[in-house]
Amino acid sequence: MVVVLLAVVNGLTMFVSGLTYPLLPLYLVGHRGCSAFVSGVVASLSSFTSFVSSVLWGYILGRFRGREALFSGFGGVVAAVFFGLASIYSGDMLLLSILFSLAGVGTSCTLVSTTTLVSLASPSKAIGRNMGVFWAAGSLGWAMPLTFSGYLLNRFGIESIFYIALLASLLIAPISIALNRCVGDAKKLAGVGSLHSGGRTSFSFLGNRTYLLFLASAIIFGASDVAKNIYVPQYYAYGIGLGEAWATLLLSIASWFEIPMLIAFGYAVDRYGSRKVYVFSLASMAVFMALNIFVVRDVTTAFIAMAFYSVVWGSYASSAYVLAVEVAVNEESASLGLLNSSIPLASIVYNPLGGYISSSMGYKANFAFLSLLLVLSTTAFHYSTKRWKEVR
């Protein structure tokens, strides 16, 4: 029951992210006349907030073990407040960008809390499949709004997007209360002895070379994930002229295919180990970015590229969150907080760069640059951690 409720919360969290994160850059470029560079700077502002808050929440949750469910609900309420304010002040581009960024404080809190609880609620031999189910629900949540968000933006404006995000975020609170009642019985969690013991957060795992290599590769993966959610849709919508509705619909296609992939790769993690599946995820992301270089003004080629992304995220989410826990024993919250901050950190560094490359040299040059980085990252991580064995 604990994993089911966590999956529902993650589904709502990713529903909100899928509704707002890809749409704001499209809105700025297509409706407010901003360049790709400006939209990248705005996305970096949001990412900076998420980066800082993910690390902070990881530290706080490490100090308050046993309160993860309550923090999850609190994060939903915080996000709802800022989405509500964003809907009111949507006419002011600067204020809208700031409020959207502050909503990330709440979603980061919920995400760090729930990923920590999945690791605590899972026996060691089932953590991969439980993480797969957790993220499969997230992909379902991400996919749903992408099927209609482009239409809502064109028909009702950006205000409608934030109204729906507000309601979905508020729903997290009552579900988190029910989740808190379930985890109140410590026997329902695998980490019975440590759940209510107060925890610790010393970040000692940062002295582990494997973790540092893992975090570096996750940041490079994160930069590519940012490109997938921002620059790939812009390329589809404006670069090859498919339009906003097709761009967002194609994003949703990847998420629908991710659901069975996440479950399948979750079982693969339990059978073959998180490291092997993680290396595969880095390599598959390099292939995905390369595929987009060959996408032309044709829905079929864009569909093939986006469908392949289901393999990328299915293998990454199932393995990376397990690997983060295995390398940082007893400091799960801090480790997962840093992992969750990797994509926002990548966005801070990469968005202005990616916007500049896309504006000056074209979207394809951006995709080629990321594919090369991923090839180098995959090779380095694979050969540097070859002798490391997962904790089982």
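Our structure's up above, just so we're on the same page.
Residues numbered from 1 in each chain as written. Predicted model: local features only at pLDDT ≥ 70, side-chain atom pairs only at ≥ 80, totals over all residues. Heavy atoms only, no water.

Visitor: In this structure, what is going on with the side chain of Ser-50? I would like to understand it.
Guide: Here Ser-50 is to be found in helix H3 (residues 36–63). Excluding anything up to four places from it in sequence, Ser-50 contacts Gly-104, Ser-108 and Pro-344. (Helix = DSSP H or I, 4+ residues; strand = E, 2+ residues; numbered from the N terminus. Contact = heavy atoms within 4.5 Å.)

Visitor: Honestly, a nonpolar patch on the surface in this entry has me stumped. Any pointers?
Guide: A surface patch of nonpolar side chains, about 630 Å² in accessible area, is lined by Phe-37, Val-38, Val-41, Leu-353, Tyr-356, Met-361 and Phe-369. Elements with a minimum of two residues in the nonpolar patch: H3 and helix H15 (332–360). Examined against the element boundaries, Met-361 turns out to sit in the loop between H15 and helix H16 (363–384). Relative accessible area serves as the criterion here: at 55%, Met-361 is assigned to the exposed category. (Patch = residues over 30% accessible without salt bridge, like charges linked within 9 Å, V, L, I, M, F, W, Y side chains within 5 Å. Areas by Shrake-Rupley, 256 points an atom, 1.4 Å probe, with all protein chains shown as cover. Salt bridge = Lys/Arg side-chain N within 4 Å of Asp/Glu carboxyl O. Buried < 20%, exposed > 50% of the residue type's maximum accessible area, 1.4 Å probe, protein only.)

Visitor: It is not clear to me how the packing of aromatic side chains should be interpreted in this structure. Could you clarify?
Guide: Aromatic ring pairs are reported here in terms of the distance separating the ring centres and the angle at which the planes meet. Under the defined criterion, the tally for this structure stands at 21 aromatic pairs. When the ring of Phe-83 is compared with that of Phe-162, the centres are 6.1 Å apart and the planes differ by 25 degrees; the resulting orientation is stacked. Placement of Phe-83 in helix H4 (residues 68–88) and of Phe-162 in helix H8 (residues 158–183) is noted, with a sequence separation of 79 residues between them. You can call Phe-162 buried: its relative accessible area is 1%. Between the aromatic rings of Phe-221 and Trp-313, the centroid separation amounts to 6.5 Å while the plane-to-plane angle is 35 degrees, which identifies the pairing as tilted. Note that Phe-221 is positioned in helix H10 (residues 209–229) and Trp-313 in helix H14 (residues 299–327), a separation of 92 residues in sequence. (Phe/Tyr/Trp six-rings, centres within 6.5 Å; stacked < 30°, edge-to-face > 60°.)

Visitor: Please clarify how the packing of H10 against helix H11 (residues 231–239) should be interpreted in this entry.
Guide: Helix packing geometry: the angle between the two helix axes and the distance between the axes. The contact between H10 and H11 brings their axes to 3 Å, and the two run at 30 degrees. Here H10 is positioned roughly parallel relative to H11, judged by the angle of their axes. The segment H10 lies against H11, with Val-226, Ala-227, Lys-228 and Asn-229 engaging Tyr-231, Val-232 and Pro-233. Looking at the contact of H10 with H11 residue by residue, the class counts come to five nonpolar, one polar and one charged. (Axes fitted to C-alpha atoms, helices over the stretch in contact; angles between N-to-C directions. Parallel < 35°, antiparallel > 145°, perpendicular 65-115°, else oblique. Nonpolar A, V, L, I, M, F, W, Y, C, P; charged D, E, K, R; others polar.)

Visitor: What's the story with the environment of Ala-7 in this structure? I'm lost.
Guide: Relative to the elements of secondary structure, Ala-7 occurs in helix H1 (residues 2–20). When the C-alpha atoms of Ala-7 and Arg-181 are compared, they prove to be 16 Å apart, with 174 residues separating the residues in sequence. When near neighbours in sequence (up to four residues on either side) are disregarded, Ala-7 contacts Val-133, Phe-134 and Ala-137.

Visitor: Is there a simple way to think about H15 in this case?
Guide: Working note: α-helix, 3.6 residues per turn, so residues spaced by three or four point in the same direction. With 29 residues, H15 should cover 42 Å at 1.5 Å per step; its first-to-last C-alpha distance of 42 Å lies within 8% of that length. The principal kink in H15, of about 45 degrees, is found at Tyr-350, preceding the proline Pro-352 by one to four residues. Gly-362 sits one or two residues past H15 and shows a positive phi near 105 degrees. (Expected span 1.5 Å × (residues − 1). Bend = angle between axes of the 7 residues up to and from the residue.)

Visitor: Looking at this model, I keep getting lost on the side chain of Ser-319. Mind explaining?
Guide: Note on placement: Ser-319 falls in helix H14. Separated by 3.5 Å, the side chain of Ser-319 and the backbone nitrogen of Tyr-278 make a polar contact. Residues in contact with Ser-319, not counting those within four places in the same chain, are Val-269, Ser-274, Val-277, Tyr-278 and Ser-281. (Polar contact = N/O pair within 3.5 Å; in protein donor to acceptor, adjacent residues only side chain to side chain.)

Visitor: I tried to follow the packing of H11 against helix H12 (residues 244–272) on my own but got confused; where do I start?
Guide: At a minimum axis distance of 8 Å, the contact between H11 and H12 shows a crossing angle of 145 degrees. H11 and H12 meet at a crossing whose hand is right-handed. Residues Pro-233, Tyr-236, Ala-237 and Tyr-238 of H11 lie in contact with H12, whose contacting residues are Glu-244, Ala-247, Leu-250 and Leu-251. The residue inventory of the contact of H11 with H12, partitioned by class, reads seven nonpolar, no polar and one charged. (Left-handed = near helix turned anticlockwise from the far one by under 90°.)

Visitor: Can you walk me through the nonpolar core in this structure?
Guide: Here is a general trend for soluble globular proteins: nonpolar side chains tend to be buried in one another's company. Among the nonpolar cores identified, the biggest contains 111 residues, and Trp-135, Phe-214, Tyr-236, Tyr-278 and Leu-339 are the most heavily contacted of them. Excluding anything up to four places from it in sequence, Tyr-236 contacts Gly-241, Leu-242, Gly-243, Ala-247, Leu-250, Asn-292, Val-295, Ala-302, Ala-305 and Met-306. Trp-57, Leu-61, Cys-109 and Val-112 belong to the second-largest nonpolar core, a separate cluster that totals five residues. (Core = buried A, V, L, I, M, F, W, Y, C linked by side-chain atoms within 4.5 Å.)

Visitor: Quick question: what am I supposed to make of the pattern of salt bridges here?
Guide: Pairing is possible between side chains that carry opposite charge, provided their charged atoms lie close to one another. Evaluated as defined, the whole model comprises one salt bridge. A salt bridge links Arg-129 to Asp-270; the nearest nitrogen and oxygen atoms lie 2.9 Å apart. Of this pair, Arg-129 sits in helix H6 (residues 127–146) while Asp-270 sits in helix H12; the two residues are 141 residues apart in sequence, bridging distant segments of the chain.

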